[in-house]
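Residue strings, one per chain:
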Amino acid sequence: MGKLLQKPKSFYNEFFRSPSPDKLSTHYCPGCGHGVIHKYVAEAMDDFGIADNTIWISPVGCSVFGYYYFDCGHQQVPHGRAPAVATGVKRSHPEAIVISYQGDGDLAAIGGNNIIQAANRGENITVIFVNNSIYGMTGGQMAPTTLVGQTTTTSPYGRNPANEGYPMRMAELIAQLEAPVYVERVALNNAQNRNKTRKAIRKALKIQIDKKGFSLVEILSQCPSGWKVSPVDSLKWMEENQMPYFPLGVFKDVVEQRNPLETKPRIWDKDTIIKMLDLDRQVKEYAKPNPTKDIYEQPKIKVAGFGGQGILMLGVLLSEAAMLNGKQVTWIPSYGPEMRGGTANCQVVIRNNKVGNPSVDKPTILIAMNQPSLDRFEKDVIPGGLIVINETLVTSGVTRDDVDVLAHPFSDIADKQLGTVKVQNSLILGALIKHTNMLDQQAIFDALPAHIKKIDLIPLNKKAIELGFSLG
Ligand SMILES: Cc1ncc(C[n+]2csc(CCOP(=O)(O)OP(=O)(O)O)c2C)c(N)n1
Ligand code: SF4
Ligand SMILES: [Mg+2]
């Protein structure tokens, strides 16, 4: 069999990751351009011998399942974020070959700024940009690259520049930036242009292998399903519609003028990172806290309430204090659309060693600052766990009898005894630390200056924590 007809070695022989019973066919529609482009990339990966060293960044779009086909490393990313993730992957693994594979909706619409910033930074990555002038995956909506007059489900009367603007020529746009090394537009309409596509992909990969910097290959690619034409007619459609507006050619090629980029050695060493981030001031030795219940030694905590109740700050202070205690910590905030008056919660995981999973679905400890928070999260707390409730705003009380409860009217106490409800979070923090004994008490005081920017508020928060100790 001629080499061109063989399946490249960089493809899996059988697409075992696909849930379809047919492990030999791709999920693409008949006549789709994605499969052809995949083949060209896989052939180049074979020829350069880079498959074991390649990390394929799949976007959201019809090509989301890149990991079914390519026998290399993978990262699937949220819509439009491939260049940002590719940046992170490449910077942490400069020796890897990183391919950001993106559709036109992904690259030019939701990820428009991502690609421009990555190109402008001159990241040493290869971007394969599949321009089929439509959102294929979601059923054929208008993309920034949809042509004037083209009908889609969201432009049923044809794209009208007066309403939707003009199609964006991304290759030209990116080529005018200073940093990119190579930008070319190619097409899949005939054998000659497919050959040019194959060459352009190889060139872009070689640039990365040679550490020369950012390259992008825009490929005009068929979407017969979205264009509502047959696979055969899609080639003609491309020639008559896409190609007059999107001229083929090299828009930038400064490969010869550029020297290989210098990649700085990675710094993984903990002490150096602490120094770089100026965190060494924070690393302190504390007396071991008194023995605590096993579950509080490495708790998962959810803090929930209204925006404006200091929910996120409570989590931050707890995290900071835990870090000062030598723990590993994650803190994930989650806000409603409106910070003040809306709902907010945060999830804190404290571990003696690395945190495996930062999400808190089953909290060891729930701090419910208001009634909706208790209603929503009470059932999730692990048996034997702790629920801290702010009785000022939680009127129902805890219904479960298999959890520990720490309840006080924290908002009222803060208001009446400390003069402001604003320090209710520090009050609860003090009560929590005392009740669970999970951290050294001094650490919580030491955590304040890093996060309370108004210095004159620190003494009041200290007072609130001390009062909290007496409630715990
Ligand atoms: C954040 C987000 N917004 C919207 C979507 C819906 N969505 C999925 S794919 C897609 C467009 C894909 O079009 P394109 O990037 O051109 O890829 P194609 O399918 O045409 O190859 C959209 C809008 C999503 N998955 N995530
Ligand atoms: S919808 Fe279009 S882009 Fe998606 S698989 Fe089908 S032909 Fe390809
Ligand atoms: Mg598309």
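Rules behind the numbers
- Residues numbered from 1 in each chain as written.
- Chains lettered and ligands numbered in written order.
- Predicted model: local features only at pLDDT ≥ 70, side-chain atom pairs only at ≥ 80, totals over all residues.
- Heavy atoms only, no water.
- Helix = DSSP H or I, 4+ residues; strand = E, 2+ residues; numbered from the N terminus.
- Buried < 20%, exposed > 50% of the residue type's maximum accessible area, 1.4 Å probe, protein only.
- Axes fitted to C-alpha atoms, helices over the stretch in contact; angles between N-to-C directions.
- Parallel < 35°, antiparallel > 145°, perpendicular 65-115°, else oblique.
- Left-handed = near helix turned anticlockwise from the far one by under 90°.
- Contact = heavy atoms within 4.5 Å.
- Nonpolar A, V, L, I, M, F, W, Y, C, P; charged D, E, K, R; others polar.
- Donors = N, O, S within 2.8 Å, 3.2 Å for Na, K, Ca; no water.
- Patch = residues over 30% accessible without salt bridge, like charges linked within 9 Å, V, L, I, M, F, W, Y side chains within 5 Å.
- Areas by Shrake-Rupley, 256 points an atom, 1.4 Å probe, with all protein chains shown as cover.
- Salt bridge = Lys/Arg side-chain N within 4 Å of Asp/Glu carboxyl O.
- Phe/Tyr/Trp six-rings, centres within 6.5 Å; stacked < 30°, edge-to-face > 60°.
- Lys NZ or Arg CZ within 6 Å of the ring centre and 35° of its normal.
- Expected span 1.5 Å × (residues − 1).
- Core = buried A, V, L, I, M, F, W, Y, C linked by side-chain atoms within 4.5 Å.
- Pairing = 2+ DSSP bridges.
- Domains from an automatic or database assignment.
- Near = heavy atom within 4 Å.
- Polar contact = N/O pair within 3.5 Å; in protein donor to acceptor, adjacent residues only side chain to side chain.

Time to look at unusual backbone geometry. Even without glycine at this site, S133 takes up a positive phi of about 60°. Tracing the backbone shows S133 in the loop between β4 (126–131) and α6 (161–164). Overall, the relative accessible area of 0% leaves S133 in the buried class.

Our next topic: the packing of helix α17 (residues 441–451) against helix α18 (residues 458–471). Between α17 and α18, the least distance of the axes is 10 Å, while the angle of their chain directions is 160°. Here α18 runs roughly antiparallel to α17, going by the angle between their axes. As α17 packs across α18, the resulting crossing turns out to be right-handed. For the pair formed by α17 and α18, the contact residues are Q441, I444, F445, L448 and P449 on the first element and I458, N461, K462, I465, E466 and F469 on the second. A breakdown of the residues in the contact of α17 with α18 according to their chemical character gives seven nonpolar, two polar and two charged.

Turning to the coordination of the magnesium ion (ligand 3), a few remarks are in order. In an ideal tetrahedron of four donors about a metal, each angle is 109.5 degrees. In an ideal octahedron of six donors, the angles are 90 or 180 degrees. Note on the magnesium ion (ligand 3): its protein donors are D104 (OD), N132 (OD1) and I134 (O). The metal-donor distances range over 2.0 to 2.1 Å. All donors of the magnesium ion (ligand 3) come from a single chain, and their spacing in sequence reads D-x27-N-x1-I. On the criterion of sequence distance, the pair formed by D104 in helix α4 (residues 104–110) and I134 in the loop between β4 and α6 is long-range, its members being 30 residues apart. As far as burial versus exposure is concerned, D104 and I134 are alike and both buried.

A word on a nonpolar patch on the surface. Together, I267, I273, M276 and L277 make up a nonpolar patch on the protein surface, roughly 370 Å² of accessible area in all. When you line up the elements, I267 lands in the loop between β7 (249–253) and α11 (270–276).

This brings us to the packing of aromatic side chains. Each pair of aromatic rings is reported with the distance of its centres and the angle of its planes. Overall, the coordinates contain 13 aromatic pairs when judged by the stated rule. Relative to W237, the ring of W227 lies with its centre 4.1 Å away and its plane at 20°, an arrangement referred to as stacked. Linking W227 in helix α9 (residues 224–227) with W237 in helix α10 (residues 231–245), this pair joins segments that are ten residues apart in sequence. An aromatic cluster is present here, built from F15, Y28, F65, Y67, Y68 and Y69 joined pairwise through their rings. A cation over an aromatic ring shows up here: R169 above the ring of Y245, its NZ or CZ 3.8 Å from the ring centre. A cation over an aromatic ring shows up here: R202 above the ring of F48, its NZ or CZ 5.4 Å from the ring centre.

Let us look at the pattern of salt bridges. Applying the stated rule across the entire model yields 13 salt bridges. Where E172 meets R185, a salt bridge forms, and the shortest distance between an N and an O atom there is 2.6 Å. Linking E172 in helix α7 (residues 170–175) with R185 in strand β5 (residues 182–187), this pair joins segments that are 13 residues apart in sequence. Residue classification places E172 among the partly exposed residues on the basis of a relative accessible area of 21%. Among the residues examined, R185 registers a relative accessible area of 1% and is labelled buried. Its salt-bridge partner being K379, residue D380 comes within 3.4 Å of it at the nearest N-O pair. The buried category is assigned to D380, whose relative accessible area is 16%. Here the residues in one salt-bridge network are K39, E43 and R198, joined through shared partners.

Attention now goes to helix α13 (residues 311–324). Taking 1.5 Å as the rise per residue, α13 with 14 residues should run 20 Å; its terminal C-alpha atoms sit 20 Å apart, in good agreement. Burial within α13 is extensive, with twelve of its 14 residues counted as buried. Trailing α13 by a residue or two, G326 shows a phi angle of about 85°, which is positive.

I301, L318, I365, I367, V388, L432 and M438 are the most contacted members of the largest nonpolar core, which has 46 residues in total. No other element matches the eight residues that α13 contributes to this core. Setting aside anything within four residues of it in sequence, one finds V388 in contact with I365, L366, I367, A368, L406, F410, I428 and L432. In terms of nonpolar packing, the next biggest core, distinct from the first, is built from 36 residues, I37, Y101, V186 and V255 among them.

Let us look at the sheet that holds β5. The strand order β2-β1-β3-β4-β6-β5-β7 describes an open sheet built from seven strands, whose pairing is mixed. Each having just a single partner strand, β2 (73–76) and β7 make up the two edges of the open sheet. With direction set aside, neighbouring strand axes in the sheet form an average angle of 15°. Strand direction decides the pairing type here: strand β1 (residues 54–58) and strand β3 (residues 97–103), joined by four bridges, are parallel. Pairing of I55 across the sheet is with V98, part of β3. Contacting β1, β2 and β3, helix α3 (residues 82–92) crosses the sheet at an angle of about 175° to β3.

Turning next to the domain arrangement of the chain. The assigned domain composition of the chain is domain 1 (3–253) and domain 2 (287–471). Here the C-alpha centre of domain 2 lies 47 Å away from the C-alpha centre of domain 1.

Residues in contact with ligand 2, as listed here, are Y28, C29, C32, H34, C62, N132, G136, C223, P224 and S225. Here the shell around ligand 2 is composed, by residue class, of six nonpolar, four polar and no charged.

Lining the immediate surroundings of ligand 1 are 16 residues, of which H34, D104, G105, D106 and G136 lie closest. The backbone of D106 places a nitrogen or oxygen atom 2.7 Å from an oxygen atom of ligand 1. In the environment of ligand 1, an oxygen atom lies 3.0 Å from a nitrogen or oxygen atom belonging to the backbone of I134. Its free accessible area being 590 Å², ligand 1 has 73% of it covered by the protein chains. Broken down by element, the shell around ligand 1 gets its largest block of residues, four residues, from α4. Of the residues in the shell around ligand 1, the class split is six nonpolar, eight polar and two charged.

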